[in-house]
Amino acid sequence: MEPKREKDAVEISSDSVSRVDKVEFYDPSKESVWTRIGLSLESFKRAPGTTGGHVIAGEHNVTNAELLHADEPLLQQQMKPRHLKMIAVGGSIGTGLFVGSGLALRQGGPAGVLIAWLLIGVMLINITQALGEMCILYPVSGGFYTLANRFLDPGFAMSMGWNYALQWAVTLPLELTVAVTTVQYWGEDILPVAAWITIFWVIIIILSVFGTIGFAEGEFWSSCLKLLIAVMFVFIGVICVAGGGPKGSLYDHYIGGTFWQNPGAFANGFKGLCTVFVTAAFSFAGTEIVGLAASETPNPRKTMPSAIKGTFWRITVIYITTLTIIGLLIPWDEPRLLGGSGSNASPFVIALDNAKLHGLSHLVNVTICVSVMSIGMSSVYATSRTMVALAETGYAPKFFTYVDKAGRPLWALVFILLWGPIAYVNVAAAGDVVFTWLLGLSSLSTLFTWLSICLCHIRFRRAWKVQGHSVEELPFQALGGVWGSWFGVILVTLVLIAQFYIAIWPIGGMDPDPAVVAENFFELYLAAPVMILFWVVAYLWKRTLPQRAHEIDLDTGRKSWLTVEEMREYRAERARAPFYIRIYRILFTN
């Protein structure tokens, strides 16, 4: 359907122009370099206004001048294209791949691991495509939370947003604890546990002082290291599988698919596959952060497609290839995969030790430690940005909207950083119990977030069509369209069902004690009733209901106003590029 909007610019009323002129803009470039990087006292003062830093395509077609800078975030657009690409490609590569894959191999076998990661990978590709389509058009503060507030239901968005923020808030002390376990690979008596926790917490605080640029640079270099190690491991793994390992090692002769035959391709049957299905889903947690970052890059229409397509390459090349190699190098009944913790249970470290490449195993452990710190920084970033958006929509205290001259959401950062000391409970005997229940409070929030992204995209496409727009107007179109989002809804639902199943009937069977069964269930599924409670509270508080498709606001915060004719002309021009450039754009950009 052709859009109702005319190609030529419409006369803008003087009243609208005067109201736009009243918007207060802030130019950080006029500040000192110390203020811009957050190292002066001046940098902590509230930013007087938005930077208006987003590129607006087709603004000559806007009939209401107020919409040009509507919903412009106070957060500054400091993310560079290289930051966004590496956050997408390497951002969620961490303990889920380097350590968690070992437990998954033990529970489901090599075939179970590949099936689960492939299914979840395809689901994530569709989810990130849908997220990219919406966030390129609406690079608003809070990303998917703000979109859920608009396209779904404010009450559901509030429950999802708070659950998401709490998930990452719990992740920070958890990752501080995991970092301690990682460094203890080199010796448990080097420093006390509390001292290591303090060191890692202070490092994260220092990086947080630099705000967006601190997170972006940290993610860029840590992602480079993680990708380097993953690619290096694939090459070493192929050589070892072919029998090219050092003499006297486990891989000094051809092994091929030996471990797929003995002890076998699957472990623990269907129940093992369900368990790995859930593990695979949680290993991709953090993939959606690229949607939060859209508001902090100047031109999402130009930079976001590369980041979105980078997710595809991370899943297919990094995850699937390395997991295939792991399944060929290590049998699922390897004793070190059972009962091990931290780096000692990492299949990467085990494989390199089996190959007698001990120096490289130390390098992998360094990478695991960096990955853990990277996830800690991601928790600070994700929680702070979500808290800002919750406050802007009235579902969190207003002081969380405070953004200083360095572009930091100051009180939101203080809020998340204060969760770090919870890691000190590990010094006490009851520490594990505390963490188990904290994780239970938010363990499913990643799945609820992915579900909301898919539902948002379905509702957005419906409203876009009902209100007379064409998909040709969209600067980026999701590869699977609405059907890809429906596939995501189905897969997320299946993961929730699988989690419910293994929560009651875990590997090894149901415990005969009903109290233990109930405790195990709520440790894994407590987040579901908590989210429903949040939703009910939000409804009783604000009394909001979902809007009909024709009532949904499609203009506020929109940053692409190009007509169908302009988009066709743009795409026709790009189609005239040389063949190799077109292939590159299909694979890596827009």
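Above: the structure in question.
The sections below set out a description of the structure shown in this document. Computed from a prediction, not measured in an experiment: that's the story for all the values here.

### Let's talk about the overall build of the chain
Then, in step 1: Looking only at helices and strands, the chain features 23 helices and zero strands.
Then, in step 2: Against the 2.2 N^0.38 benchmark of 25 Å for 590 residues, the chain shows a C-alpha radius of gyration of 24 Å, consistent with a compact globule.
Then, in step 3: Referenced to the eigenvectors of the C-alpha coordinate spread, the extents of the chain come out at roughly 80 × 55 × 50 Å.
Then, in step 4: The contacts in the chain between residues at least 6 apart in sequence include a share of 83% that link residues at least 24 apart.
Then, in step 5: Only carbon and sulfur atoms are counted for the fraction: they give 67% of the accessible area of the chain, which is about 23700 Å².

### What about the environment of N365?
Then, in step 1: Positionally, N365 belongs in helix 15 (residues 358-392).
Then, in step 2: Taking the C-alpha atoms as reference, N365 lies 8.9 Å from F348; in sequence the two are 17 residues apart.

### Re the packing of aromatic side chains
Then, in step 1: Tallying each qualifying case throughout the model produces 22 aromatic pairs.
Then, in step 2: With a centroid separation of 5.9 Å and an interplanar angle of 20°, the aromatic rings of W196 and F200 are classed as stacked. With W196 and F200 both in helix 8 (residues 193-209) and four residues apart, the pair spans about one turn of that helix.
Then, in step 3: W196 gets classed as buried once you look at its relative accessible area, which sits at 15%.
Then, in step 4: Between the aromatic rings of F284 and Y319, the centroid separation amounts to 4.6 Å while the plane-to-plane angle is 45°, which identifies the pairing as tilted. Taken together, the positions of F284 in the loop between helix 11 (269-283) and helix 12 (289-293) and Y319 in helix 13 (residues 300-329) put the pair 35 residues apart, joining distant regions of the chain.
Then, in step 5: Accessibility expressed as a relative area gives 0% for Y319, which makes it buried.

### Overview of the packing of helix 5 (residues 100-137) against helix 19 (residues 481-504)
The packing of two helices is summarised by the inter-axis angle and the distance between the axes.
Then, in step 1: It is the contact of helix 5 with helix 19, at a shortest axis distance of 9 Å, that shows an interaxial angle of 135°. Taken as axis vectors, helix 5 and helix 19 run oblique relative to one another. Relative to helix 19, the crossing made by helix 5 is left-handed. Contacts between helix 5 and helix 19 involve L119, I120, V122, M123, N126 and A130 on the former and, on the latter, G484, S485, F487, G488, L491, V492 and V495.
Then, in step 2: The residue inventory of the contact of helix 5 with helix 19, partitioned by class, reads nine nonpolar, four polar and no charged.

### Points about helix 5
Then, in step 1: Relative to the 56 Å expected for 38 residues at 1.5 Å per residue, helix 5 spans just 35 Å between its end C-alpha atoms, considerably shorter than the ideal helical length.
Then, in step 2: Roughly 110° is the biggest bend found in helix 5, and it falls at G108, with proline P110 one to four residues downstream.
Then, in step 3: Counting buried positions along helix 5 gives 31 out of 38 residues, so the element sits mostly inside the fold.

Calculation criteria
- Residues numbered from 1 in each chain as written.
- Predicted model: local features only at pLDDT ≥ 70, side-chain atom pairs only at ≥ 80, totals over all residues.
- Heavy atoms only, no water.
- Helix = DSSP H or I, 4+ residues; strand = E, 2+ residues; numbered from the N terminus.
- Rg over C-alpha atoms; globule rule 2.2 N^0.38 Å.
- Contact = heavy atoms within 4.5 Å.
- Areas by Shrake-Rupley, 256 points an atom, 1.4 Å probe, with all protein chains shown as cover.
- Phe/Tyr/Trp six-rings, centres within 6.5 Å; stacked < 30°, edge-to-face > 60°.
- Buried < 20%, exposed > 50% of the residue type's maximum accessible area, 1.4 Å probe, protein only.
- Axes fitted to C-alpha atoms, helices over the stretch in contact; angles between N-to-C directions.
- Parallel < 35°, antiparallel > 145°, perpendicular 65-115°, else oblique.
- Left-handed = near helix turned anticlockwise from the far one by under 90°.
- Nonpolar A, V, L, I, M, F, W, Y, C, P; charged D, E, K, R; others polar.
- Expected span 1.5 Å × (residues − 1).
- Bend = angle between axes of the 7 residues up to and from the residue.

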